[in-house]
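# Coordinate analysis (summary)
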Amino acid sequence: MYGRSWMPLMSGIADKHWENVFTTCYSWTGPGRITYLTSLITVTNPRWSLIVGPQPFQAELYDLWVDPKQEHNLIKKRPEIAKHLCKQLVEFMREQNAEEDYIKTYARV
């Protein structure tokens, strides 16, 4: 897990926090490992939610301002937004020293 304190935001010292939040449930095989979930990554900001995953999963994009329940996938209507969010994910993964083969799994938008 990678993060930072929310205290500056909560105490009024800061007026913003992260530009995007990246969430996942990492799954792999072996003793005590979760093997029943596909590892998806969600990139979320105040307006958009992009969900990416390994093939054959098809990326999904939602406008949280008009579709907070994420029922209407806009990936085909707004590919430029999806590409921008995916680029930010790739940059974050590189900052965390993720392996390039792993990054390529998710950089398919």
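Structure: above.
Owing to the predicted nature of the structure, the values given are computational and were not obtained by experimental measurement.

## Observations concerning unusual backbone geometry
Of note, the bond from Gln-55 into Pro-56 is cis; its omega dihedral lies within 30 degrees of zero at 15 degrees. Mapped onto the elements of the fold, Pro-56 is located in the loop between β3 (48-52) and β4 (60-63). Here Gln-70, not a glycine, exhibits a phi torsion of approximately 55 degrees, which is positive. The topology assignment puts Gln-70 in the loop between β4 and α2 (79-95). Even without glycine at this site, Asn-97 takes up a positive phi of about 65 degrees. Inspection of the secondary structure puts Asn-97 in the loop between α2 and α3 (100-106). With relative accessibility at 67%, the residue Asn-97 sits in the exposed group.

## Here's the deal with the environment of Glu-100
Its location among the elements puts Glu-100 in helix α3. Within the structure, the side chain of Glu-100 is placed 2.9 Å from the side chain of Arg-94, a separation counted as a polar contact.

## Brief notes about the nonpolar core
In this structure, Leu-50, Val-52, Leu-61, Leu-85 and Leu-89 are the most contacted members of the largest nonpolar core, which totals 18 residues. Only β2 (41-44), β3, α2 and α3 provide two or more residues apiece to this core. Among the elements that make up this core, the one with the highest residue count is α2 (7 residues). When near neighbours in sequence (up to four residues on either side) are disregarded, Val-52 contacts Leu-40, Ile-41, Phe-57, Ala-59, Leu-89, Tyr-106 and Val-109.

Rules used in this analysis
Residues numbered from 1 in each chain as written. Predicted model: local features only at pLDDT ≥ 70, side-chain atom pairs only at ≥ 80, totals over all residues. Heavy atoms only, no water. Helix = DSSP H or I, 4+ residues; strand = E, 2+ residues; numbered from the N terminus. Buried < 20%, exposed > 50% of the residue type's maximum accessible area, 1.4 Å probe, protein only. Polar contact = N/O pair within 3.5 Å; in protein donor to acceptor, adjacent residues only side chain to side chain. Core = buried A, V, L, I, M, F, W, Y, C linked by side-chain atoms within 4.5 Å. Contact = heavy atoms within 4.5 Å.

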